[in-house]
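Residues per chain, in single letters:
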Amino acid sequence: MNKKILIVVLTLMVFVTLVGGTLIFLKSNPPLETVTVASDENQHFVIVGFGNKGWGDIQLTEVAINDFEQPVASKIQMSNTELGFVMTDDFESEEAQPYRFTDIDEATIKTGTSPTENLEKQNNGTSTEDDETYGLTVMHDEVIHTVHIKYSYFGITLFEEVEISF
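Residues numbered from 1 in each chain as written. Predicted model: local features only at pLDDT ≥ 70, side-chain atom pairs only at ≥ 80, totals over all residues. Heavy atoms only, no water.

Caption draft 1: Broad picture of the sheet that holds strand 2 (residues 45-52). In spatial order, the strands read 1-2-7-4-5; together these five strands make up an open sheet with antiparallel pairing. Edge positions in the sheet fall to strand 1 (32-39) and strand 5 (100-102), since each of these pairs with one other strand and no more. Put simply, the sheet's adjacent strands are angled 30° from each other on average, direction ignored. When strand 2 meets strand 7 (residues 132-139), the two strands line up antiparallel, connected through six bridges. For Ile 47, the partnering residue across the bridge sits in strand 7 and is Thr 137. Helix 2 (residues 115-124) contacts strand 1, strand 2 and strand 7 of the sheet and is inclined by roughly 65° relative to strand 1. (Pairing = 2+ DSSP bridges. Helix = DSSP H or I, 4+ residues; strand = E, 2+ residues; numbered from the N terminus. Axes fitted to C-alpha atoms, helices over the stretch in contact; angles between N-to-C directions. Contact = heavy atoms within 4.5 Å.)

Caption draft 2: Looking closely at the nonpolar core. In terms of nonpolar packing, the biggest core is built from 26 residues, with Leu 60, Ile 76, Leu 136 and Val 147 touching the most fellow members. Every element with two or more residues in this core is listed here: strand 2, strand 3 (58-65), strand 4 (73-80), strand 7, strand 8 (146-153) and strand 9 (156-163). Membership of the second largest hydrophobic core comes to eight residues, among which are Phe 45, Ile 47, Phe 91 and Phe 101. (Core = buried A, V, L, I, M, F, W, Y, C linked by side-chain atoms within 4.5 Å. Buried < 20%, exposed > 50% of the residue type's maximum accessible area, 1.4 Å probe, protein only.)

Caption draft 3: Spatial organisation of the packing of aromatic side chains. For the structure shown, the criterion picks out three aromatic pairs. Look at Phe 50 and Tyr 134: their rings are 5.8 Å apart centre to centre, the planes differ by 25°, and that puts the pair in the stacked class. In this pair, Phe 50 is assigned in strand 2 and Tyr 134 in strand 7, connecting sequence segments 84 residues apart. Taking relative accessible area as the criterion, Tyr 134 reaches 2% and is therefore assigned buried. (Phe/Tyr/Trp six-rings, centres within 6.5 Å; stacked < 30°, edge-to-face > 60°.)

Caption draft 4: Just the sheet that holds strand 9, in detail. Strand order across the open sheet formed by four strands is 6-3-8-9, with antiparallel pairing between neighbours. The open sheet has two edge strands with one neighbour each: strand 6 (108-109) and strand 9. Direction of pairing for strand 3 relative to strand 8: antiparallel, over a ladder of seven bridges. Bridge pairing in strand 8 links Leu 60 to Tyr 151. Running at roughly 20° to strand 9, helix 1 (residues 2-28) makes contact with strand 8 and strand 9 of the sheet.

Caption draft 5: Structural view of a negative patch on the surface. On the surface, a cluster of negative charge is made up of Asp 89, Asp 90, Glu 92 and Glu 95. Structurally, Asp 90 can be placed in the loop between strand 4 and strand 5. (Patch = residues over 30% accessible without salt bridge, like charges linked within 9 Å, V, L, I, M, F, W, Y side chains within 5 Å. Areas by Shrake-Rupley, 256 points an atom, 1.4 Å probe, with all protein chains shown as cover. Salt bridge = Lys/Arg side-chain N within 4 Å of Asp/Glu carboxyl O. Lys, Arg positive; Asp, Glu negative; His and termini not counted. Charge placed at Lys NZ, Arg CZ, Asp CG, Glu CD.)

Caption draft 6: Expanded view of the pairing of strand 9. Along strand 9, the buried face is formed by Ile 156, Leu 158, Glu 160 and Val 162; none of Thr 157, Phe 159, Glu 161 and Glu 163, which line the opposite face, is buried. Pairing geometry for strand 8 and strand 9, over eight bridges, is antiparallel. Residue Lys 150 lies in a different strand from strand 9, and its bridge partner there is Phe 159. From the end of strand 8 to the start of strand 9, which pair antiparallel, there are two residues, and Phe 154 there has a positive phi angle of about 55°.

Caption draft 7: Highlighting the environment of Phe 68. Looking at the element boundaries, Phe 68 is found in the loop between strand 3 and strand 4. In this structure Phe 68 comes out as exposed when scored by relative accessible area, which is 58%.

Caption draft 8: Layout of unusual backbone geometry. Here the phi dihedral of Gln 43 falls at roughly 55°; this positive angle occurs in a residue that is not glycine. Along the chain, the position of Gln 43 falls in the loop between strand 1 and strand 2. With a relative accessible area of 14%, Gln 43 lands in the buried category. The backbone of Phe 68 sits at a positive phi, close to 60°, despite the residue not being glycine.

And the structure:
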């Protein structure tokens, strides 16, 4: 009987250690990499460039601004390093047609889309239209100081906070 209890206790300890270690690793090395790309002059409109430097896909689940308020509008722009991003409040406009916009919960952020790696490719002259980039377009009727991004990675919920300062 004592051997069974010992095996159960050891198994639970290994499981807790693995889960705890994974959470600590993900908190110190988040897979979502963000950069602030653009803002209008009054900061009511921002684009946050982001990508995935992890091993698995990322699913964004929620976006909030400032003190966790809901923005007036938010969409994900899917583009490439050659095309860049567009600053528009009309996702159906003619200038927005070359870009793909989707709702926050409908986009899957693929691996290998780190903004740092994409910038390095651009600087080296090795970027192509196949290099995907993602931009989070956020609009609000007040100044945007902070963008809060909640996302799921391997079933674990993580958070990213982006300070907007221009």
